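Next come the chains, spelled out residue by residue.
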Amino acid sequence: MSLDRIIAVRNNKTVYRDGNKAYKVFDKSYSKADVLNEALNQARIEETGLNIPKILEVTMTEGKWTIVSEYIKGKTLAELMSENPEKKDEYLELFVDLQLTMHSKTCRGLNKLKDKMNRKISETDLSATVRYDLHTRLESMPKHNKVCHGDFNPSNIIVAEDGTPYILDWSHATQGNASADAARTYLLFWLNGDIDGAKKYLDLFCEKSNTAKQYVQKWMPIVAASQTVKGNEREREFLHSWIDVVDYE
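The following paragraphs examine the structure supplied in this document. Everything quoted here is computed from the prediction, not taken from an experiment.

## Concerning the pattern of salt bridges
Point 1. Under the defined criterion, the tally for this structure stands at 13 salt bridges.
Point 2. Residues Asp 89 and Lys 200 are paired through a salt bridge, measuring 3.2 Å at the closest nitrogen-oxygen approach. Of this pair, Asp 89 sits in helix α3 (residues 88-103) while Lys 200 is found in helix α7 (residues 195-209), placing the two residues 111 residues apart along the sequence.
Point 3. Among the salt bridges present, the one from Lys 208 reaches Glu 93, with a minimum N-O distance of 2.9 Å. With Lys 208 in helix α7 and Glu 93 in helix α3, this residue pair connects regions lying 115 residues apart in the sequence.

Listed below in structure tokens is the structure:
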């Protein structure tokens, strides 16, 4: 095994390639339970039939937990959008179609989105009054059991050389309401500074899924609050700005 080719660096983890395998190596500070939960999520999602890199093993690399998966040779959708800006609308169509295909699946073994969001809201530094309001809003939202990614953005889609798209990184996967997942994706476009992309994405998602835009927007303060317990100061400041938003255009 030769882990000398780095293909991605994320918070607390580094992904290496060795032949036809990808090694996601977690820092020693990373929770063992979180690593094993991510591997379990990925294994469960495989069973839905979605195109994802298959998990091969969970092991240790120099004392660090490591998830070994198939290596998919290709480019991320984010790279393709950057390299071919004239095709961005076409790529957005593919992106939304992939998300809707994912939302058409169920996977009963996954954690419930509402449980996760309730827990995250409780962990925030928001006032008790705001937390109560957010918990109440969350409980009033319809309960669904669709597969939700939790971090669905163009950098987590890789298009193989034969044109087949694969969805990566299932560490945040849950079962729940698809519109909450869409609200998260919308906020990720904003966090990445792509405001035009965010608006086009939301319009396209609502059109293709026959969902009222106002319904997705109702999720945004809840989703933003649940994300404030992590991220850097700039991201936290941005997310806080969404928590008090009640009226939307």
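## Some points on the pairing of strand β8 (residues 157-160)
Point 1. The alternating pattern of β8 places Ile 157 and Val 159 and Ile 158 and Ala 160 on opposite faces, both of which are buried.
Point 2. Pairing geometry for strand β6 (residues 74-76) and β8, over three bridges, is antiparallel. Counterpart to Thr 76 in the pairing with β8 is Ile 158.
Point 3. For β8 and strand β9 (residues 165-167), the ladder comprises three bridges, and the chain directions are antiparallel. Bridge pairing in β9 links Ile 158 to Tyr 166.
Point 4. Hairpin connection from β8 to β9: four residues lie between these consecutive antiparallel strands, with Gly 163 at a positive phi of about 95°.

Cut-offs used in this document
- Residues numbered from 1 in each chain as written.
- Predicted model: local features only at pLDDT ≥ 70, side-chain atom pairs only at ≥ 80, totals over all residues.
- Heavy atoms only, no water.
- Salt bridge = Lys/Arg side-chain N within 4 Å of Asp/Glu carboxyl O.
- Helix = DSSP H or I, 4+ residues; strand = E, 2+ residues; numbered from the N terminus.
- Buried < 20%, exposed > 50% of the residue type's maximum accessible area, 1.4 Å probe, protein only.
- Pairing = 2+ DSSP bridges.

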